[in-house]
Amino acid sequence: MDIKNKVCIVTGGAHGIGRALCRAFVQHGARSIVVADLDLEAAEKLAQEINGLAVRCDVGNEDDIKALVEQTRSAFGQIDIFVSNAGMGISDGPDWTAAGGSNAGWQKCWDVNVMSQVYAARAVIPEMRERGSGYLLNTASAAGLLAQMGDAAYTATKHASVAFAKSLAITHGHDGIGVSVLCPQYVATNMTGYPDDSEQQRGDGVLEAEDVAEICVQAINNEQFMIMPHRVVAKYTQFMNADYQKWITTMQDLRSSILKDKDAIQMQDFMQTTPKGN
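About the thresholds
- Residues numbered from 1 in each chain as written.
- Predicted model: local features only at pLDDT ≥ 70, side-chain atom pairs only at ≥ 80, totals over all residues.
- Heavy atoms only, no water.
- Helix = DSSP H or I, 4+ residues; strand = E, 2+ residues; numbered from the N terminus.
- Contact = heavy atoms within 4.5 Å.
- Areas by Shrake-Rupley, 256 points an atom, 1.4 Å probe, with all protein chains shown as cover.
- Core = buried A, V, L, I, M, F, W, Y, C linked by side-chain atoms within 4.5 Å.
- Buried < 20%, exposed > 50% of the residue type's maximum accessible area, 1.4 Å probe, protein only.
- Phe/Tyr/Trp six-rings, centres within 6.5 Å; stacked < 30°, edge-to-face > 60°.
- Expected span 1.5 Å × (residues − 1).
- Arc of directions from axis to C-beta.
- Pairing = 2+ DSSP bridges.
- Right-handed = clockwise from strand over helix to strand, strands pointing away.
- pLDDT = per-residue confidence, 0-100.
- Disulfide = S-S within 2.5 Å.
- Salt bridge = Lys/Arg side-chain N within 4 Å of Asp/Glu carboxyl O.

Assigned secondary structure in the chain consists of nine helices and seven strands. At a minimum sequence separation of 6, the contacts of the chain that also span at least 24 residues come to 69%. Accessible surface, the chain: about 12,800 Å² in total, of which carbon and sulfur atoms supply 50%.

Turning our eyes to something else, we now look at the environment of Y154. Along the chain, Y154 turns up in helix α5 (residues 152–172). The contacts of Y154, once residues within four sequence positions are left out, are M88, G89, N113, A140, S141, A143, Q148 and M191.

Time to look at the nonpolar core. In this structure, L68, F82, V124, L136, L146 and L168 are the most contacted members of the largest nonpolar core, which totals 43 residues. Of all the secondary-structure elements, those providing two or more residues to this core are β2 (32–37), α3 (62–76), α4 (103–131), α5, β6 (177–182), α7 (231–242) and α8 (244–260). Looking at which element gives the most residues to this core, the answer is α4, with ten residues. By size, the runner-up hydrophobic cluster in this structure holds 34 residues, among which are C8, A30, L182 and V187.

Another aspect to go through is the packing of aromatic side chains. With the rule as written, the count across this model stands at one aromatic pair. Pairing Y244 with W247 gives two aromatic rings, centres 6.4 Å apart and planes at 80°, and the pair type is edge-to-face. One end of the pair is Y244 and the other is W247, both in helix α8 and three residues apart, which spans about a single turn. Since its relative accessible area comes to 46%, Y244 is described here as partly exposed.

Relative to the helices and strands, T237 resides in helix α7. Beyond its immediate sequence surroundings of up to four residues, T237 is in contact with L145 and L146.

Here α8 spans 24 Å end to end across 17 residues, near enough to the 24 Å set by a 1.5 Å rise per residue. Every buried residue of α8 is listed here: W247, M251 and I258. The arc enclosing the buried residues of α8, seen along the axis, measures out at 30°, which places them on a common side. Turned more than 90 degrees away from the buried face of α8 sit Q245 and K260, all of them exposed.

As judged from the four bridges shared by β2 and strand β3 (residues 53–56), these two strands associate in the parallel manner. Bridge pairing links A36 to V55 in β3. The handedness of the β2 to β3 crossover, carried by helix α2 (residues 40–50), is right-handed.

One non-glycine residue, N51, lies in positive phi territory at about 60°. With respect to the helices and strands, the residue N51 is situated in the loop between α2 and β3.

When we look at burial in α2, the residues that qualify are A42, A43, L46, A47 and I50. All buried residues of α2 project into a common sector of 135° when viewed along the axis, lining one side. Seen from the buried face of α2, the exposed residues on the opposite side, beyond 90 degrees, are E41, K45 and Q48. If you follow the buried residues of α2, they end up packed against α1 (16–27), β2 and β3. One or two positions beyond α2, positive phi appears at N51, with a value near 60°.

All right, on to the confidence of the model for the chain then. Of the residues in the chain, 88% have a pLDDT of 70 or more, and the chain-wide mean is 90. The model gives residues 264–278 a pLDDT under 50, and that stretch makes 44 contacts with residues more than four places away or in other chains.

Okay, the state of the cysteines next. Summed over all chains, the structure comprises zero disulfides. Looking at C8, it has no disulfide partner, and the nearest cysteine sulfur is the one in C22, 8.5 Å off. Take C8: its relative accessible area is 0%, and that puts it in the buried class.

The final tally for this structure, using the stated rule, is eight salt bridges. Across the salt bridge formed by E49 and R23, the nearest N and O atoms sit 2.9 Å from each other. Of this pair, E49 sits in helix α2 while R23 sits in helix α1; the two residues are 26 residues apart in sequence, bridging distant segments of the chain. Exposure remark for E49: the relative accessible area of 48% places this residue in the partly exposed category.

Set out below in structure tokens:
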């Protein structure tokens, strides 16, 4: 799909990858951008910069997604591209117990990382099918293909996100609806400890959000389903699929080595220096 003259919604659009996508869409000729985010102040600031529309949206609430879609249609007539980018994670706890985290935390991860994408698809696919065109870009994670050590809820829900994107692509590909799923590893965003516009030194394997956004634009143009900005993720996935037991053993050993030094190491240092942990 050519982004030129298209109407695009980006959730989680005020920061990180979402913000970079909004800017990239404008640079590639999109007609209108809707910046949807819980942080309305930041969304409004970006919308003013790119001449877009800011909408406060809790993506885990289906009524908010419905309202976002209706507001966009009222303002611009239709929705060509819906980017479900908002996401979150929770910690398993200090000893990284996979069943850790509160029930409320797990539910919130499920609502934000999975159901928000279901709600978006429900809201826009009927019109896209009738029109015979449209595009869905869902942000998952390399954790949706591998695992995020220290965050089982994030890992589980991102796997579900990837699986849902597969179902969308299979079911609606012949309806003229394109689907891509974004599975990055470490990107310099708030989620990985890099504030917006921070000049903090990047760790090895950490990509800039702007570079990821450009990769996404090209993937949409080519209607490419799987987007893996970090090439090493494909290698890790191949290694895992070739020998699951060896991969599990390797990850177990890595976890043990990290926990030995857990009082001396910060999670941010781990994320920047050991991309194999994703």
